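Each chain, letter by letter, is given below.
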Amino acid sequence: MAGGYARRVGERLRAIRKQKGLSLQEVEASSQQEFKASVLGAYERGERAISVPRLQRLARFYNVPVDQLLPRDVEIDLTEGGGGAQVVDGDTSARRSWQDSGEKITIDLTRFEGVEDDEAKVLHRYLNTIQVQRQDFNGRMLTIRRDDLKAIAAATGTDTEHLIRRLDDLHLRRPN
């Protein structure tokens, strides 16, 4: 039970690190050797269990919510004679169809730093929610549907075309 769960935690750790575009050595160097490449590699392979405080520090380092470093869809059987934790593959078909449907707009997430526009702040919060739902933490680009942009426009009291113009004015939208 523990080995399988540690392996799944490791898979999540590796996935987030790779989304961030970092090698094990780059994590070690960027963290001032708080996270040694050999130890982080052992976590990622499931050979070593990571403590909760260390997991929290790693989440802060990666700038992701700590729960995103944990595996999805783990069912625990607590019945007498139960097998313990059972790992069930998550259904990503909803996420795929969401990404593949409708007109899309790509937002350059790196451009939000230093932007003090109220509409942009609302958009940034909304995009952070989408990132968590998709478990997509590359931190550079995020593609959203036009329908999502309509929802954001409604939340900011404007229409979609005005919001798109504002995104362009703030250089937040990446041309398709």
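Quantities reported herein were computed from a predicted structural model and do not represent experimental measurements. (Residues numbered from 1 in each chain as written. Predicted model: local features only at pLDDT ≥ 70, side-chain atom pairs only at ≥ 80, totals over all residues. Heavy atoms only, no water.)

(A) Looking closely at the pairing of strand 4 (residues 141–145). Residue alternation in strand 4 divides its side chains into a buried set, L142 and I144, and an unburied set, M141, T143 and R145. Two strands pair when backbone bridges link them, and strand 3 (residues 104–108) and strand 4 are joined in this way by five bridges, in the antiparallel orientation. When the bridges of strand 4 are listed, I107 appears paired with L142. (Buried < 20%, exposed > 50% of the residue type's maximum accessible area, 1.4 Å probe, protein only. Helix = DSSP H or I, 4+ residues; strand = E, 2+ residues; numbered from the N terminus. Pairing = 2+ DSSP bridges.)

(B) Spatial organisation of the sheet that holds strand 4. The strand order across the open sheet formed by three strands is 4-3-5, and the pairing between neighbours is antiparallel. Because the sheet does not close on itself, it has two edges, and the strands there are strand 4 and strand 5 (173–174). In the packing of helix 7 (residues 146–155) onto the sheet, the strands contacted are strand 3 and strand 4, and the crossing angle to strand 4 comes to about 85 degrees. (Contact = heavy atoms within 4.5 Å. Axes fitted to C-alpha atoms, helices over the stretch in contact; angles between N-to-C directions.)

(C) Fine view of the packing of aromatic side chains. Scanning the entire structure with this criterion turns up two aromatic pairs. On the numbers, 5.9 Å between centres and 55 degrees between planes, the contact of F35 with F61 is tilted. Here F35 is found in the loop between helix 2 (24–30) and helix 3 (37–45), whereas its partner F61 is found in helix 4 (residues 52–62), with 26 residues between them in sequence. Here F61 and Y62 contribute two aromatic rings whose centre-to-centre distance is 5.6 Å and whose plane-to-plane angle is 55 degrees, an arrangement assigned as tilted. Members of the aromatic cluster, joined through ring pairs, are F35, F61 and Y62. (Phe/Tyr/Trp six-rings, centres within 6.5 Å; stacked < 30°, edge-to-face > 60°.)

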